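Structural description and commentary
Chain by chain, the residues run as shown.
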Amino acid sequence: MTLATGAAASPGGGGLSILILALPILLLVWLMFSQRRRARALGEAQQALQVGQEVLTTAGIHGVVAGLENDVIHLRIAEGVVIRMDRRAVVPMTIAQAGPGRPAPGTDTDAGGTNPQ
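Computed from a predicted model, the values in this text were never measured in an experiment.

1. Quick notes on the sheet that holds strand 4 (residues 81-86)
Across the sheet, five strands lie side by side as 4-3-2-1-5; this open sheet has antiparallel pairing. Two strands in the sheet have a free side with no partner beyond their single neighbour: strand 4 and strand 5 (90-92). Pairwise comparison of adjacent strand axes, ignoring direction, gives a mean angle of 45° for this sheet. Sheet topology note: the strand 1 (residues 54-57)/strand 5 ladder contains three bridges and is antiparallel. Pairing of L56 across the sheet is with V91, part of strand 5.

Dropping the structure here:
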């Protein structure tokens, strides 16, 4: 049996090859779009910050928003202690509590719509 006759004898071999090549590509496309969706949601949440809202910084500091400027947030971390942080380094507590890979409470992808506290 030669290589040419063996390939011709297996029906549907071409479709399987295409499927094997397409699955990783589809996975990469899905990962790219889900990352963009998470980044967009985080950006919108950072722009919607309000004075008095509890937040978590990327350094792990918990605090309350004491004031807002364009790209700077004044964060009260203790009584009488206010620090200035870049807006991009602050995450609202609703998103921080959701954790990586889980939707934030109240988002359209959250099935229950409740806060898991």
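Further notes follow.
2. Quick word on the pairing of strand 4
Inspection of the sheet shows strand 3 (residues 72-78) paired to strand 4 by six bridges, in the antiparallel sense. Within the sheet, the bridge partner assigned to V72 lies in strand 4 and is D86. Counted along the chain from strand 3 to the antiparallel partner strand 4, the turn is two residues long, and its residue G80 has a positive phi close to 80°.

3. Thoughts on a positive patch on the surface
On the surface, R36, R37, R38 and R40 cluster together into a positively charged patch. Among the structural elements, R38 can be located in helix 2 (residues 13-47).

4. Digging into the environment of L75
Here L75 is to be found in strand 3. L75 gets classed as buried once you look at its relative accessible area, which sits at 0%. Spatially, the C-alpha atom of L75 lies 9.3 Å from that of E54, the residues being 21 residues apart in sequence. Contact partners of L75, with chain neighbours within four places excluded, come to V55, T57, G63, V64, V65, A66, V81, V82, I83 and M85.

5. What to know about the confidence of the model for the chain
Residues at a pLDDT of 70 or more form 70% of the chain, whose mean pLDDT is 78. Here residues 104-117 is modelled with pLDDT under 50, and outside its nearest four sequence neighbours on either side it reaches 15 contacts, counting other chains as well.

6. Comments concerning the environment of V91
By secondary structure assignment, the location of V91 is in strand 5. Along the sequence, V91 and V55 sit 36 residues apart, while their C-alpha atoms lie 5.6 Å from each other.

The rules we used
Residues numbered from 1 in each chain as written. Predicted model: local features only at pLDDT ≥ 70, side-chain atom pairs only at ≥ 80, totals over all residues. Heavy atoms only, no water. Pairing = 2+ DSSP bridges. Helix = DSSP H or I, 4+ residues; strand = E, 2+ residues; numbered from the N terminus. Axes fitted to C-alpha atoms, helices over the stretch in contact; angles between N-to-C directions. Patch = residues over 30% accessible without salt bridge, like charges linked within 9 Å, V, L, I, M, F, W, Y side chains within 5 Å. Areas by Shrake-Rupley, 256 points an atom, 1.4 Å probe, with all protein chains shown as cover. Salt bridge = Lys/Arg side-chain N within 4 Å of Asp/Glu carboxyl O. Lys, Arg positive; Asp, Glu negative; His and termini not counted. Charge placed at Lys NZ, Arg CZ, Asp CG, Glu CD. Buried < 20%, exposed > 50% of the residue type's maximum accessible area, 1.4 Å probe, protein only. Contact = heavy atoms within 4.5 Å. pLDDT = per-residue confidence, 0-100.

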